[in-house]
Every structure is written in structure tokens, then in C-alpha cells.
Amino acid sequence: MQKKNELDKISEVISRYNLKPKKSLSQNFLLDLNLTERIVNSMGQINNHDILEIGPGPGALTRSLLDLGARKVIAIEKDSQFLDPLNEISKAYPGKLKIINADVLSIDIETFLNPPVKIVSNLPYNVGTQILLNFISKKEWPPFWESLTLMFQKEVADRLISEPKNKSYGRLSILAQWRSNVKMVFKVNASSFLPVPKVHSAVVQFTPSFKPQFFAHQETLERIVKDSFNQRRKMLRQSLKKTHFNIEKILTKAEIDPSCRPEELSIKQFCKLANILTAEPN
Ligand code: SAM
């Protein structure tokens, strides 16, 4: 199927429809279909899947998903200026593309999807972390999605894959890696986007583990990680004493040195701490 040749280049679509990038919606477009094909190829099999694409914009990634044989693409776009160009793509792939004009943060996306589901996005960076947290903080696990393939600012991508004792290790690293395999697929130069952003980007892929690598009560783990990294330079005995009057005892019971800083703790240690706190809340 060589459908991409029947549609205009993305740069021509942008000028024909007079599409203007909006900063308020973090619009930085990809023009190079070789790059979007590379992203789609990294997703593995897609021809048996519903693919949720967040923020299709003028549609480069959407076109690659369809070219490379996605069973169905469900594209959620907040900005109505893209509806006409997206409808053009839809006509070239009858029955394959469903366009939903909505804010992804305010709809129940699962009602539009049939399993198995994979999710892909060149994320709007101003709400990118929030969108990710909605997917990885699901109560039910494994979640409804089989993989997430998401473009982030490079600095956020570094935090997502970071290990303990690194500057970029923190709350995001732990929440991401607790129940998923997370890998950086490739880096993307700022010059690949229009307009060119100030920072480089990277594609990061998440595959959910069947169950968490270390068991922990989710809410307690999320709370303790947040409290610990709120003051990342302070020792744990200091940053956690406001919320737990007997924190020294609890840390010692978890075999954690109370003078540690949060970036020194592995996910396993945070889980152990969360489990003791769940059993002995104060
Ligand atoms: N996928 C296109 C590409 O790669 O060229 C556009 C990517 S651009 C970085 C982010 C896209 O997300 C824009 O089309 C923007 O309008 C859309 N967007 C921003 N906030 C959104 C939201 N809350 N819900 C759905 N789409 C959103």
C-alpha cells in the first residue's frame, strides 16, 4: 500500500490549510515521514491493534500508522484546525481512522477502544507528564494498553529511565519503572520539528509488567515517593518527619539508613518502606 504517495507532503498540507502552530497547545509538528515510520516500526505489531494517537495535528504519525497497517487508529485532537486535514487522511484509508475532537484529559478514552490497544504520541509537552501519569497510575494492572510509545523532551526522557544515585532519578523514574519496562528508543533532534523547539526530544517506550516487580500498596508508595522527593536534598529522616512522627524507627525497620537522601533508594527499598507504613500507619 503506497497511500502516502497519494497524499500531499505534510509541509504542503500545512500551507494549503494555513495551519498555525499554537504555543498554548505545545504544537511542534513532525514533517519527515521517515522519522514517523521509525517511531511506528518501534511499536512492533500493529495490524491486530487499535492504536490510540494523542494529538495527531496535521497527521504525519497518523499517516505512518495507517501506511504500516494499523487495524484502526483512534486519534484524539483538541484543536479543530486539524479536522479538515485529518478528514483527508481518513478518506484515503476508509474505515481505518476515527477522529475525536476533544481534550484527552477530559474524556473516557477506553470507551472508544477495542483491545488489544497500543498508544502512541508526539506529546504536547505542556501536559505530557500528566497524560503519562494517567496511563501509568491506573489502579487495574496490567492496564488496558499493551505499550506506550511517547515522545518527550529529552530531559523528561532521562528522568523516566534514570536509576538511583543519578541527578535525574526521582518520582517520575519510580512511578514509571515500578510496573513497566521503560526504554529510550531513540533521540530526536530539535531540528526535526516545526517550529524548532529549544530542547531535544526522545521517544520512550513503556511495556507493562504482568505484575509489579516489587509488591506495594499503590497509594502509600505514591505518597511516600512524593513526600521524599519534595525535598530531594534533605535526609529522609528530615523530609518524612512531618508526616510520620516515628520515621526513624520505620526507616530502621525497613533497613534504610535514616540519613539517606531519596535519590539513594532503589524502587525495592521504597516498596519495602511503603509496605511497613501500610502495616503500621501513624
Ligand atoms: N502529532 C503531530 C506531529 O507529530 O506533528 C502533532 C504533535 S504536537 C507536539 C501536539 C499535538 O497535541 C497538537 O496537535 C496539539 O493540538 C495536540 N494537543 C495538545 N493538547 C491536547 C489535549 N489536551 N488533548 C488532545 N490533543 C492535544
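Residues numbered from 1 in each chain as written. Predicted model: local features only at pLDDT ≥ 70, side-chain atom pairs only at ≥ 80, totals over all residues. Heavy atoms only, no water.

Chemist: Honestly, the site of the ligand in this entry has me stumped. Any pointers?
Modeler: In the vicinity of the ligand lie 21 residues, with Gln-27, Leu-30, Gly-55, Glu-77 and Asn-122 positioned nearest. One of the backbone N or O atoms of Gly-57 is found 3.5 Å from an oxygen atom in the ligand. In the model, an oxygen atom of the ligand is placed 2.6 Å from a nitrogen or oxygen of the Glu-77 side chain. Its free accessible area being 590 Å², the ligand has 99% of it covered by the protein chains. Structurally, the ligand is housed in the largest pocket. Those elements that place two or more of their residues in the shell around the ligand are strand E1 (29–30) and strand E3 (72–77). Its residues placed into classes, the shell around the ligand shows ten nonpolar, six polar and five charged. (Near = heavy atom within 4 Å. Polar contact = N/O pair within 3.5 Å; in protein donor to acceptor, adjacent residues only side chain to side chain. Areas by Shrake-Rupley, 256 points an atom, 1.4 Å probe, with all protein chains shown as cover. 1 Å grid on protein atoms, 1.4 Å probe; cavity = no way out; pocket = protein on both sides within 12 Å on 5 of 7 lines; lining within 4 Å. Sits in = over half its atoms within 2 Å of the grid points. Helix = DSSP H or I, 4+ residues; strand = E, 2+ residues; numbered from the N terminus. Nonpolar A, V, L, I, M, F, W, Y, C, P; charged D, E, K, R; others polar.)

Chemist: Which parts of the structure should I look at to understand the sheet that holds strand E5 (residues 117–122)?
Modeler: Hydrogen bonds along the backbone pair up the strands of a sheet, which may run parallel or antiparallel. Reading across the sheet, the seven strands line up as E4-E3-E2-E5-E6-E9-E7 and stay open at both edges, with mixed pairing between neighbours. Of all the strands in the sheet, just strand E4 (97–101) and strand E7 (180–188) have a single pairing partner and so form its edges. The average undirected angle you get between the axes of adjacent strands in this sheet is 20 degrees. In the sheet, E5 pairs with strand E6 (residues 145–153) via six bridges, with the strands oriented parallel. The residue of E6 that forms the bridge with Lys-118 is Ser-147. Most of the contacts of helix H4 (residues 83–92) go to E4, to which it runs at about 165 degrees, and overall it touches E3 and E4. (Pairing = 2+ DSSP bridges. Axes fitted to C-alpha atoms, helices over the stretch in contact; angles between N-to-C directions. Contact = heavy atoms within 4.5 Å.)

Chemist: Looking at this structure, how should I read the packing of helix H5 (residues 128–136) against helix H7 (residues 171–178)?
Modeler: Each packed pair of helices is defined by two parameters, the angle between the axes and the distance between the axes. One way to put it is that H5 packs onto H7 with a least axis distance of 10 Å and a crossing angle of 35 degrees. For H5 against H7, the interelement crossing comes out left-handed. On the side of H5, the interface is formed by Thr-129, Leu-133 and Ile-136, while H7 contributes Arg-171, Leu-172, Leu-175 and Ala-176. In terms of residue class, the contact of H5 with H7 is built from five nonpolar, one polar and one charged. (Left-handed = near helix turned anticlockwise from the far one by under 90°.)

Chemist: Honestly, the nonpolar core in this entry has me stumped. Any pointers?
Modeler: In summary, soluble globular proteins display a tendency toward joint burial of nonpolar side chains. Grouped together as the largest cluster of nonpolar side chains are 67 residues, with contacts concentrated most on Phe-135, Phe-152, Leu-160 and Phe-206. Beyond its immediate chain neighbours, meaning those up to four positions away, Leu-160 contacts Leu-132, Phe-152, Leu-172, Ser-173, Ala-176, Gln-177, Val-182, Val-204 and Phe-206. (Core = buried A, V, L, I, M, F, W, Y, C linked by side-chain atoms within 4.5 Å. Buried < 20%, exposed > 50% of the residue type's maximum accessible area, 1.4 Å probe, protein only.)

Chemist: Would you explain helix H6 (residues 154–161) in this entry?
Modeler: In an α-helix, one full turn covers 3.6 residues, which means residues spaced three or four apart are oriented alike. The complete set of buried residues in H6 reads Val-156, Ala-157 and Leu-160. Buried positions in H6, seen along its axis, are confined to an arc of 100 degrees and lie on one side of it. Against H5, E6, H7, E7 and strand E9 (201–208) lie the buried residues of H6. (Arc of directions from axis to C-beta.)

Chemist: Just to check I follow, could you spell out H4 for this structure?
Modeler: Within the span of H4, buried status applies to Pro-85, Leu-86, Ile-89, Ser-90 and Ala-92. End-on view of H4: buried residues confined to an arc of 160 degrees, all on one side of the axis.

Chemist: I would appreciate a short explanation of the pattern of salt bridges in the present structure.
Modeler: Charged atoms that come close allow side chains of opposite charge to pair. Throughout the structure, instances matching the rule amount to twelve salt bridges. Two residues, Arg-16 and Asp-8, come together in a salt bridge whose shortest N-O distance is 2.9 Å. A residue is classified by how much of its surface remains accessible, and Asp-8, at 29% relative accessible area, is partly exposed. Arg-232 is paired through a salt bridge with Glu-263; the nearest N and O atoms lie 3.4 Å apart. One end of the pair, Arg-232, is in the loop between helix H8 (218–230) and helix H9 (236–239); the other, Glu-263, is in the loop between helix H10 (247–253) and helix H11 (267–279), with 31 residues separating them in the sequence. Taking the relative accessible area as the measure of exposure, Arg-232 reaches 26% and is therefore partly exposed. The class of Glu-263 is partly exposed, set by a relative accessible area of 25%. Sharing partners across several salt bridges, the network here consists of Asp-8, Arg-16 and Glu-88. (Salt bridge = Lys/Arg side-chain N within 4 Å of Asp/Glu carboxyl O.)

Chemist: How should the environment of Cys-260 be read in this particular structure?
Modeler: Tracing the sequence through the fold places Cys-260 in the loop between H10 and H11. Sequence separation between Cys-260 and Ile-131 is 129 residues, and the spatial gap between their C-alpha atoms is 31 Å. Discounting chain neighbours no more than four positions away, the residues touching Cys-260 are Lys-234, Met-235, Leu-236 and Leu-265.

So, to be careful, I would describe these as geometric facts and stop short of saying anything about function.
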